[in-house]
Amino acid sequence: MFKVTNKAKDVRKFRDNQKGKDIYVNPKGFVITNRPPEANPVWKIELLEKPKVKKTIEVNEQ
Amino acid sequence: MPYIMRITSDGDFMKAINALKGLRNMLPKMEKEAMREWGKVLERDIKRSAVTAGIKDFTGNLQNRGIRYEQSKTGKIGKLFIAQYGVYLDAMAPHPVYFKQSRGNLLRWGMQASNASVRRKANKVNDGESWKGFSPLYVRPHPFIRAGFKRARPKLNRIIRKKTTQALMQSIGGTNV
């Protein structure tokens, strides 16, 4: 999951190949998508997924 | 809504009196359950009515939490919440709206509109042309609340009848009524 933010001052669009349609984004607005456009001065891309942390069990040996 | 019930017993009056006492306790509970069930029906019918009226779920959330029925846990009061913009959509006066660069949602809708003239205006304003050079878009109300209520109201009788029968059967222990 990526957060795609439009940094321009007008409505911009990008192509989402997974949905097969254009996504229009408000100025200073954002959408959350799986297929983000390439990062450039207009689009700011942020990864939303947190890295998975393996659970460790600590055993106190006495 | 008056109901006439005929309760027959096999001659045991104490059994009949106990059944009536059980019914008296059971009916308010069933009334709340009936209202809760009808509330869900009302919510669903108003959402369907919104779709029928031509309201697309473009920016808002009328199809999710924008319309919802909530009933208090203890009382008999149930409330149907409709988002404020839904009420405006239902009963606004027809008026003109200009495409402006500050109206991002309207521009975003206009750029994807099926009407070519609307699409052209939205694209030109978005590209930086002044909004004063273009004619406005005329918007009208899309009444859906009353239509949804009209759809849901006749279903209330059936639900109450079903719940009353259930209460009766539970109070007399599942014997014939």
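Let me sum up the structure you'll find in this document. (Residues numbered from 1 in each chain as written. Chains lettered and ligands numbered in written order. Predicted model: local features only at pLDDT ≥ 70, side-chain atom pairs only at ≥ 80, totals over all residues.)

1. As for the overall build of chain B
Moving on, step 1. The number of helices and strands found in chain B is seven helices and four strands.
Moving on, step 2. Whereas a compact globule of 177 residues would reach a radius of gyration of roughly 16 Å, chain B reaches 26 Å, over 25% beyond that.
Moving on, step 3. Based on the C-alpha atoms only, the size of chain B along its principal axes is roughly 90 × 25 × 25 Å.
Moving on, step 4. When burial is assessed residue by residue, chain B has 18% of its 177 residues classed as buried.
Moving on, step 5. Taking contacts inside chain B between residues at least 6 apart in sequence as the whole, the part at least 24 apart equals 68%. (Helix = DSSP H or I, 4+ residues; strand = E, 2+ residues; numbered from the N terminus. Rg over C-alpha atoms; globule rule 2.2 N^0.38 Å. Buried ≥ 20, exposed ≤ 12 C-beta atoms within 10 Å, placed from the backbone. Contact = placed C-beta atoms within 7 Å.)

2. Points about unusual backbone geometry
Moving on, step 1. Located in the positive-phi region is K28 of chain A, a residue other than glycine, with phi close to 65 degrees.
Moving on, step 2. Here K28 of chain A shows up in the loop between β3 (21–25) and β4 (30–33).

3. So, helix α1 (residues 13–52) of chain B
All names here are of chain B.
Moving on, step 1. Over its 40 residues, α1 runs 55 Å from end to end, which matches the ideal 58 Å to within 8%, given 1.5 Å per residue.
Moving on, step 2. Within α1, the axis deviates most sharply at M26, by approximately 30 degrees, and proline P28 lies no more than four positions further along.
Moving on, step 3. Residues A19, M30, A34, W38, L42, I46, K47, S49 and A50 constitute the buried set of α1.
Moving on, step 4. Among the structural elements, α2 (62–66), β1 (67–71), β2 (78–82), α6 (145–152) and α7 (154–171) are those in contact with the buried residues of α1.
Moving on, step 5. Of the residues one or two after α1, G54 is the one with positive phi, at around 95 degrees. (Expected span 1.5 Å × (residues − 1). Bend = angle between axes of the 7 residues up to and from the residue.)

4. Side note on the nonpolar core
Moving on, step 1. One finds L42, I46 and A50 of chain B to be the most contacted residues of the largest nonpolar core, which totals 14 residues.
Moving on, step 2. Going through the elements one at a time, α1 and α7 of chain B are the ones with two or more residues in this core.
Moving on, step 3. Counting residues per element, this core draws most heavily on α1 of chain B, at seven residues.
Moving on, step 4. Setting aside its immediate chain neighbours within four residues, L42 of chain B contacts Y69, L80 and A152 of chain B.
Moving on, step 5. Among the nonpolar cores identified, the runner-up in size contains nine residues, and V4 of chain A together with F99, M111 and A122 of chain B belong to it. (Core = buried A, V, L, I, M, F, W, Y, C linked by C-beta atoms within 7 Å.)

5. Some points on helix α4 (residues 104–111) of chain B
Moving on, step 1. Among all positions of α4 of chain B, only G104, L107, R108, G110 and M111 of chain B are buried. For α4 of chain B, the angular spread of buried residues about the axis comes to 165 degrees, placing them on one side.
Moving on, step 2. Check the buried side of α4 of chain B and you find it contacts β3 of chain A together with α5 (116–126) of chain B. (Arc of directions from axis to C-beta.)

6. Section: the packing of α4 of chain B against α5 of chain B
Residue and element names in this part refer to chain B.
Moving on, step 1. Two numbers describe how α4 lies on α5: the axes approach to 7 Å, and their chain directions differ by 130 degrees. It follows from the interaxial angle that α4 and α5 lie oblique. Crossing of α4 over α5 shows left-handed handedness. The residues of α5 that touch α4, namely those facing L107, G110 and M111, are V118, R119, K121, A122, N123, V125 and N126.
Moving on, step 2. Counted by class, the contact of α4 with α5 contains five nonpolar, three polar and two charged residues. (Axes fitted to C-alpha atoms, helices over the stretch in contact; angles between N-to-C directions. Parallel < 35°, antiparallel > 145°, perpendicular 65-115°, else oblique. Left-handed = near helix turned anticlockwise from the far one by under 90°. Nonpolar A, V, L, I, M, F, W, Y, C, P; charged D, E, K, R; others polar.)

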